[in-house]
Amino acid sequence: MSSTLYAQNEVETERHSLVGIKKFGISVEIEKPIGLKEATLNPAQIQKKIHESFESLPVTLLSFNELKQSFYNPFFYVHVNIMKAEDGIYPFSIEMRFYQPIKLSLKNDVESMASTWHSGYVGMVSFDRVNEIAGVVVEATKEFKDEFERLN
């Protein structure tokens, strides 16, 4: 007689880590090639648009200043990396992570911060469409928003 055993489902563990979160902040970071000065690629503006998109969530959204007041405030982190390739092509990646306080049980319950949810997106645009990356970033964050809303 044989049976199949499955390893812990990492996706379900990540999803359940979002249950019961009462507040969090949003942080956006953008890396881009020197000389790329597209005005829409402003981290503060993208952060504001994500914040506006998340306002319907059943949670208190912390301002960036409130977020910085404590190392242990949970936060949704968005990292955008834009590269320049040949022929005016700009490949880019979007990494999204949710960080929250954790206790390390094997280290006498030492508290730290860890990413408990993550997702990503990869895309490519031509030089004349670089301004569209900001909108793609905001759209990509809806995956987190929808999952958070569904669980809370």
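Definitions and limits used
- Residues numbered from 1 in each chain as written.
- Predicted model: local features only at pLDDT ≥ 70, side-chain atom pairs only at ≥ 80, totals over all residues.
- Heavy atoms only, no water.
- Pairing = 2+ DSSP bridges.
- Helix = DSSP H or I, 4+ residues; strand = E, 2+ residues; numbered from the N terminus.
- Contact = heavy atoms within 4.5 Å.
- Axes fitted to C-alpha atoms, helices over the stretch in contact; angles between N-to-C directions.
- pLDDT = per-residue confidence, 0-100.
- Left-handed = near helix turned anticlockwise from the far one by under 90°.
- Nonpolar A, V, L, I, M, F, W, Y, C, P; charged D, E, K, R; others polar.
- Phe/Tyr/Trp six-rings, centres within 6.5 Å; stacked < 30°, edge-to-face > 60°.
- Buried < 20%, exposed > 50% of the residue type's maximum accessible area, 1.4 Å probe, protein only.
- Salt bridge = Lys/Arg side-chain N within 4 Å of Asp/Glu carboxyl O.

Peer 1: Which parts of the structure should I look at to understand the sheet that holds strand β1 (residues 23–31)?
Peer 2: What holds strands together in a sheet is hydrogen bonding between their backbones, with the strands either parallel or antiparallel. Ordered in space as β2-β1-β3-β4-β5, the five strands form an open sheet in which the pairing is mixed. Each edge of the sheet is formed by a strand with only one pairing partner; in this case those strands are β2 (60–61) and β5 (110–126). Strand contacts of helix α5 (residues 142–151): β1, β3 (75–82), β4 (89–104) and β5, with the helix running at about 135 degrees to β5, the strand carrying the most contacts.

Peer 1: Looking at this structure, I do not really get the confidence of the model for the chain. What am I missing?
Peer 2: Close reading of the predicted structure is inappropriate where its pLDDT is low. Summary statistics for the chain give a mean pLDDT of 88 and a share of 91% for residues scoring 70 or more. Averaged pLDDT values for the elements of the chain fall to 68 in helix α1 (residues 10–16) and rise to 97 in β3. Low confidence marks residues 1–7, where pLDDT is under 50. Its contacts with residues over four positions away, or in another chain, come to zero contacts.

Peer 1: Before we go on, may I ask you to explain the packing of helix α2 (residues 43–54) against helix α4 (residues 133–140) in this structure?
Peer 2: The description of two packed helices rests on the angle between their axes and on the distance between the axes. For the pair α2 and α4, the least separation of the axes is 10 Å and the interaxial angle reads 35 degrees. As α2 packs across α4, the resulting crossing turns out to be right-handed. Here Ile46, Lys49 and Ile50 of α2 come into contact with α4, specifically with Ala134, Val137 and Val138. A per-class count over the contact of α2 with α4 returns five nonpolar, no polar and one charged.

Peer 1: I tried to follow the packing of aromatic side chains on my own but got confused; where do I start?
Peer 2: For any pair of aromatic rings, the description consists of the separation of the ring centres together with the inter-plane angle of the planes. Applying the stated criterion across every chain, the model contains 16 aromatic pairs. Here the aromatic rings of Phe54 and Phe76 are separated by 5.6 Å at their centres, their planes lie at 45 degrees, and the arrangement is tilted. Of this pair, Phe54 sits in helix α2 while Phe76 sits in strand β3; the two residues are 22 residues apart in sequence, bridging distant segments of the chain. The pair Phe54 / Phe76 is uniform in exposure class, with both members buried. Linked through ring pairs, Phe24, Phe54, Phe76, Phe98, Trp117, Phe144 and Phe148 together constitute an aromatic cluster.

Peer 1: What am I meant to see in the environment of Val110 here?
Peer 2: With respect to the helices and strands, the residue Val110 is situated in strand β5. What makes Val110 partly exposed here is its relative accessible area of 43%. Taking the C-alpha atoms as reference, Val110 lies 43 Å from Glu38; in sequence the two are 72 residues apart. Apart from the residues lying within four places of it in its own chain, the contact partners of Val110 are Ile102, Lys103 and Leu104.

Peer 1: Is there a simple way to think about the pattern of salt bridges in this case?
Peer 2: Oppositely charged side chains can form a pair if their charged atoms are brought close together. Per the counting criterion, the structure on display carries four salt bridges. Between Arg97 and Glu95 there is a salt bridge whose closest N-O contact spans 2.6 Å. Residue Arg97 is classed as partly exposed on the basis of its relative accessible area of 24%. The shortest N-O distance in the salt bridge between Glu132 and Arg129 comes to 3.0 Å. For Glu132, a relative accessible area of 35% gives the class partly exposed. Residue class for Arg129 comes out partly exposed when judged on its relative accessible area of 42%.

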